[in-house]
Amino acid sequence: MPSVLQKIVLVYVLDPHSLDDLSHRYESGLSWLKKSVGGEPLKSILSRIISRLFTPKKEMVGNFGNTEAPGFTPVTTGMPPRVAPIWPLPRVGMSASDILSQFGKFDLWHYGYEFEGGPALLPSNLRRDHLTGNRRRPLQRFQHFMPYLVDALGGSLKGKRILDIACNSGFWSIQCALLGATVVGFDARSELIEQAELVKKIVGTENVDFLILPFEEMTLEKLGRFDAVLNLGILYHLPDPLAALFATKAMAETVIVVDTSLWATDEPVVHYHWEEPVDIRDAVSAGIVGYPSASALELMLRHIGIPAAYRVPIATDDMPQDYLTGERATWIGLLDRAA
Ligand SMILES: C[S@@+](CC[C@H](N)C(=O)[O-])C[C@H]1O[C@@H](n2cnc3c(N)ncnc32)[C@H](O)[C@@H]1O
């Protein structure tokens, strides 16, 4: 886990202006850093230090810090084989001009989509920031954790049943379906499920179903059990991350993937704040949401009885900034109920 100073240095090198955005978190280190780090040569020295600090080490995998316990098996696998996203998406069911007019019916799109032979459409979130302005973000996230999901499922998604919680317009569901899985994706926002149905129609895949469903109504009785459950970008839009992880685990047979924003501290805490449902990536109603710190998240995975889990190591600097700074990360939880 990088220290606060490591994070400040990394953020500075990646994007000096973003220091101002982060000032509320790292106030004490900022003025020192701005005074000390000015010129280009120093910046390149820092880049080298950073690449050493963030080079994935085997020990990072399965590093549960002070949460180690009897019966808990840290995973120490190496890097799984690369998995390429299906990108641009196939364009089967619609002409390029029809796609443009259908996409135009929606004001906001969380992901940009690119279709074979065009068009290539940019994301259009209400709040444009360093997260939503990066149209490669979903592809970078894909290269980060999808190889680990595929590996956990025996090297292929073919014939596997996958649940995509809070699927938005279906980026992950569609990718998993194109890689051979049978997928259920759900989201509480009906307009996002309309978007997902549109993308499904364009791509021409049958093996994915999209549902309008609030997370709180996800049950085994309603949806059945899945080989893999994707809990991506949703934990910190909910009031109770621990309860959400229990619910996620209940739906899974073999593996859960938890990808979440984190509260930046080494302490095991959940930071609550108030979220208004402004953008299509937000909570669906106004209320308290909880950001776990990385160590809190790992304690939670242990508490819900995941027998083996590991944090996906950062393997490249071609990653969104929040992953590089440690403000977001992905965990693979292996259940193996069948064993
Ligand atoms: C940040 S986006 C994440 C999208 C996608 N899972 C990903 O990681 O790329 C959060 C999504 O959660 C959905 N969402 C928020 N609260 C929800 C809830 N209580 N039940 C179901 N979906 C919810 C939003 O509509 C939005 O699509």
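Source: prediction; values computed, not measured.

Enquirer: Quick one: what's the story with the confidence of the model for the protein, residue by residue and with numbers?
Expert: Looking at the protein as a whole, its pLDDT mean stands at 82, while 75% of the residues score no less than 70. By mean pLDDT, the top-scoring element of the protein is strand 3 (residues 161-165) (99), and the lowest-scoring one is helix 3 (residues 27-36) (36). Contacts of residues 1-76 to residues separated by more than four positions or lying in other chains number 106 contacts, the stretch itself having pLDDT below 50.

Enquirer: With reference to specific residues and values, describe unusual backbone geometry.
Expert: At the junction of Trp87 and Pro88, the peptide bond is cis and its omega measures out at 0° in the coordinates. Inspection of the secondary structure puts Pro88 in the loop between helix 4 (40-54) and helix 5 (96-103). At the junction of Gly118 and Pro119, the peptide bond is cis and its omega measures out at 0° in the coordinates. Structurally, the position occupied by Pro119 is in the loop between strand 1 (113-114) and strand 2 (120-121).

Enquirer: Provide a residue-level description of the site of the ligand, including the pertinent values.
Expert: Around the ligand, a shell composed of 25 residues is seen, among which Tyr111, Ala166, Asp187, Phe215 and Leu232 lie nearest. Backbone polar atom of Ala166 to a nitrogen atom of the ligand: 2.8 Å apart, as the coordinates give it. A total of 600 Å² of accessible area belongs to the ligand in isolation, and the protein chains cover 98% of it.

Enquirer: Explain the packing of helix 6 (residues 137-152) against helix 7 (residues 171-178) to me, and be specific about the residues and the numbers.
Expert: Viewed as axis vectors pointing N to C, helix 6 and helix 7 meet at an angle of 55°, and their least axial separation amounts to 12 Å. The orientation of helix 6 with respect to helix 7, classified from their angle, is oblique. Crossing handedness for the pair helix 6 and helix 7: right-handed. Here Pro138, Leu139, Arg141, Phe142, Phe145 and Met146 of helix 6 lie close against helix 7, whose contacting residues are Phe171, Trp172, Gln175 and Cys176.

Enquirer: Run through the sheet that holds strand 6 (residues 226-232), naming residues and quoting values.
Expert: One open sheet holds the seven strands; their spatial order is 5-4-3-6-7-11-10, and the pairing between them is mixed. On the outer flanks of this sheet lie strand 5 (208-212) and strand 10 (308-311), each paired with one strand and no other. When strand polarity is set aside, the average angle formed by the axes of neighbouring strands in this sheet is 15°. Relative to strand 11 (residues 328-334), strand 7 (residues 252-261) is paired through seven bridges, and the arrangement is antiparallel. Each residue of the ladder has a partner; that of Thr260, found in strand 11, is Ala329. Set on the sheet, helix 10 (residues 241-250) makes contact with strand 3, strand 6 and strand 7; between it and strand 7 the angle comes to about 150°.

Quick notes on the rules
Residues numbered from 1 in each chain as written. Predicted model: local features only at pLDDT ≥ 70, side-chain atom pairs only at ≥ 80, totals over all residues. Heavy atoms only, no water. pLDDT = per-residue confidence, 0-100. Helix = DSSP H or I, 4+ residues; strand = E, 2+ residues; numbered from the N terminus. Contact = heavy atoms within 4.5 Å. Near = heavy atom within 4 Å. Polar contact = N/O pair within 3.5 Å; in protein donor to acceptor, adjacent residues only side chain to side chain. Areas by Shrake-Rupley, 256 points an atom, 1.4 Å probe, with all protein chains shown as cover. Axes fitted to C-alpha atoms, helices over the stretch in contact; angles between N-to-C directions. Parallel < 35°, antiparallel > 145°, perpendicular 65-115°, else oblique. Left-handed = near helix turned anticlockwise from the far one by under 90°. Pairing = 2+ DSSP bridges.

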